[in-house]
Amino acid sequence: MEYQVVNQNEWLYSDSSVSKLGVNEVQLNTAKAAYVSTQILLNNLEIGAKYKWSCHLPTGISLEVYKQIDVLCEKNTGPVSFCVNEEEGESAEGYTTRKAPFRVNDALQPIIPGELEVKTPTEALYLAFYADECVSAREYVFNLELMVGEKCVFIPINLKVFNVSIPKDKNLYISNWYRVDHIATQHDLEMWSEEHWAMIDKYADLMARTRQTHFWIPNEIREVSKLEDGTYSFKFDRTKRLIEMFLSKGFTHIEGNLLYVRNNFWDSNFVVDILGNRVPAGSPEGYDFVSQYLKAWKTFLEENHWLEILHQHVGDEPIDNCKDEYRMLSSIVRKHLPGVPLMEAVETYDLDGAVDIWIPKNNYYNENMDKFERIRKNGDELWFYTCCFPGGHYLNRLWDMPLIRTRLLHWGNYRYDMKGYLHWGFNWCEEADPFNHENLFFPPGDTHISYPGGNIPWGSMRLETMRAGVQDYELLNMLAKKDKALADELCKSCLESFDQPNEDTTHFEEVRIKILSALEK
């Protein structure tokens, strides 16, 4: 058995080989109340051997060990968006890690010592250490004894804990949209059964691990009936249970469900889904339904003292040719939810007064920075999102992009003072096999950043890297309050702009140490 320690910000693959010049000891630096991680690449393993380990951890330090599971990257991301179209002469050369198809280690299966077997001669582990708030700030030296069948290696670990703590209060807004129906189907559970609720709870835990702040209310949870007099009745029993679940885990904001949709992205008109039938948003029937729903929604939230933590959607991704109708629909929502901030992923900057929390894609912000900065000066809030776009050299969290780009997404939040990040794809892989996703339409990995692992959801290297980036944002934010010029300089050395990331992982670690050292002084 051979091993090599690999930086957590680099991809490993099913065909990765241990280098004779590779690192064989773990060197980590961390704040308190934070995770810090590394990878162990293993070659020449005995198939069928079981994993065991032993580690005398210092007080205040804990360890989670995961086996990396490789997934199929069938196609490359396009130079602008979606997937490469080779028939049109597109090429992914120069901005992706490998030419597709290939398999990349993304899914993370928790290892219970003595229970998980080796499947292939080459495998990799992900080690996540956690330094709690009370641990002493100093350098810790210890060993991890890793046993695979009859073979054993002792891996030296040097873990330096700085006298800096990640704040308990979250300063960066994060939302990953999730599908409760996919949780049921991918784990073979009956919708709204107790087993289904228990699995939703586990998915909420996985989101909370990433310091996620917002949880959306999926439309599937609404209980609607039409009465004999033509009005609608709304029950919020399931919604109440869901909200109580997420708030108990430290989430801070309710993200109100999409009230209107478009049948096609390029459509100029919105529709309302009423008991499975779609009617024009501007029709009397559409107005009746939405106004009655919003009245009931507001009353329910007020009764539970939750209205003040609501951020409400109107209709996803308004574009130029539907902006006039969007303004009208936004005014309907404001009429029934006065004072509630309206948040939206936007494909146009021409919606003054209709949106409070603007969420453009990072490339759209880059291309129209002056327009969005004018909006910010008028008192509105800016987040950013990624979805289908962008490709090329832009930051995104896709399988064929350098893994460090996922982490740098949240350096982008600091770089441009954007208060949040939204992504649609926590577990949105439809009915496809998320480990072997074929016939890709969306970019590789865009639909999901978690995996169904049988009796629990599995995280991923991208989700863990995203979590690390959220922690980095907190550190940069703390340093800015102490020395903004230094925080800006260090951030810019890793991220010149959303499409100019510095992907040198050695430089990145050096910058992290400078941030921790500056905060400790």
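Refer to the preceding data block for the structure.
Keep in mind that this is a model prediction, so the values were computed, not measured.

Draft legend 1. Molecular detail of the environment of Lys481. Along the chain, Lys481 turns up in helix α9 (residues 461–494). When the C-alpha atoms of Lys481 and Asn455 are compared, they prove to be 44 Å apart, with 26 residues separating the residues in sequence.

Draft legend 2. Just the pattern of salt bridges, in detail. A full pass over the atoms with the stated rule returns 34 salt bridges. For Arg179, the salt bridge goes to Glu220, with nearest N and O atoms at 3.4 Å. Here Arg179, found in the loop between β10 (173–176) and α1 (180–186), pairs with Glu220, found in the loop between β11 (214–216) and β12 (223–226); they are 41 residues apart in sequence, far enough to count as distant. Of the charged contacts in the structure, one is a salt bridge between Asp417 and Arg376, with a shortest N-O distance of 3.7 Å. You can see Asp417 sitting in the loop between α8 (404–415) and β22 (420–423) and its partner Arg376 sitting in helix α7 (residues 369–377), a full 41 residues away along the chain. Residue classification places Asp417 among the partly exposed positions, given a relative accessible area of 37%. Through salt bridges that share partners, Glu64, Arg209, Glu464 and Arg467 make up one connected network.

Draft legend 3. Just the nonpolar core, in detail. Counting residues in each nonpolar core, the largest one holds 115 residues, and the members touching the most others are Ile254, Tyr260, Trp297, Leu301, Trp411 and Ile515. Considering each element in turn, this core owes the most residues, twelve residues, to α9. Setting aside its immediate chain neighbours within four residues, Trp297 contacts Ile217, Phe236, Thr239, Ile254, Gly256, Leu310, Gln312 and Leu337. Judged by nonpolar contacts, the second largest core, of 32 residues, contains Leu28, Leu127, Ile155 and Val161.

Draft legend 4. Geometry of the pairing of strand β15 (residues 271–274). Of the strand pairs in this sheet, β15 and strand β16 (residues 277–280) are connected by four bridges, and their pairing is antiparallel. Looking at the pairing, Ile274 lines up with Asn277 of β16. In textbook terms, the turn of a hairpin is the stretch between consecutive antiparallel strands, and for β15 and β16 this stretch comprises two residues, one of which, Leu275, has a positive phi near 50°.

Draft legend 5. Just the sheet that holds strand β6 (residues 102–110), in detail. The strand order across the open sheet built from seven strands is β1-β3-β7-β5-β6-β24-β23, with neighbouring strands paired in antiparallel fashion. In this open sheet, the two edge strands, each paired with only one partner strand, are β1 (2–6) and β23 (451–452). As judged from the two bridges shared by β6 and strand β24 (residues 457–460), these two strands associate in the antiparallel manner. Following the sheet pairing, Leu108 is matched in β24 by Gly459. Most of the contacts of helix α2 (residues 194–208) go to β24, to which it runs at about 15°, and overall it touches β23 and β24.

Draft legend 6. Examining the environment of Lys361 more closely. Relative to the assigned elements, Lys361 resides in the loop between β19 (357–359) and α6 (362–367). Note: C-alpha distance between Lys361 and Phe384 (23 residues apart in sequence) is 5.3 Å. What Lys361 contacts, discounting residues up to four positions off in sequence, is Glu317, Glu347, Tyr385, Cys387 and Phe389.

Draft legend 7. Region of the structure containing the packing of α8 against helix α10 (residues 505–520). Taken N-terminus to C-terminus, the directions of α8 and α10 make an angle of 35°; their axes are 12 Å apart at the nearest point. At the point where α8 passes α10, the crossing takes the left-handed sense. Across the interface between the two elements, Ile404, Arg407, Leu408 and Trp411 from α8 touch Thr505, Phe508, Glu509, Val511, Arg512 and Ile515 from α10.

Draft legend 8. Seen up close, α2. The first and last C-alpha atoms of α2 sit 21 Å apart over 15 residues, in line with the 21 Å expected at 1.5 Å per residue. Among all positions of α2, only His196, Trp197, Met199, Ile200, Tyr203, Ala204, Leu206 and Met207 are buried. Along the axis of α2, the buried positions cluster into a sector of 165°, meaning they face one direction only.

Cut-offs used in this document
- Residues numbered from 1 in each chain as written.
- Predicted model: local features only at pLDDT ≥ 70, side-chain atom pairs only at ≥ 80, totals over all residues.
- Heavy atoms only, no water.
- Helix = DSSP H or I, 4+ residues; strand = E, 2+ residues; numbered from the N terminus.
- Salt bridge = Lys/Arg side-chain N within 4 Å of Asp/Glu carboxyl O.
- Buried < 20%, exposed > 50% of the residue type's maximum accessible area, 1.4 Å probe, protein only.
- Core = buried A, V, L, I, M, F, W, Y, C linked by side-chain atoms within 4.5 Å.
- Contact = heavy atoms within 4.5 Å.
- Pairing = 2+ DSSP bridges.
- Axes fitted to C-alpha atoms, helices over the stretch in contact; angles between N-to-C directions.
- Left-handed = near helix turned anticlockwise from the far one by under 90°.
- Expected span 1.5 Å × (residues − 1).
- Arc of directions from axis to C-beta.

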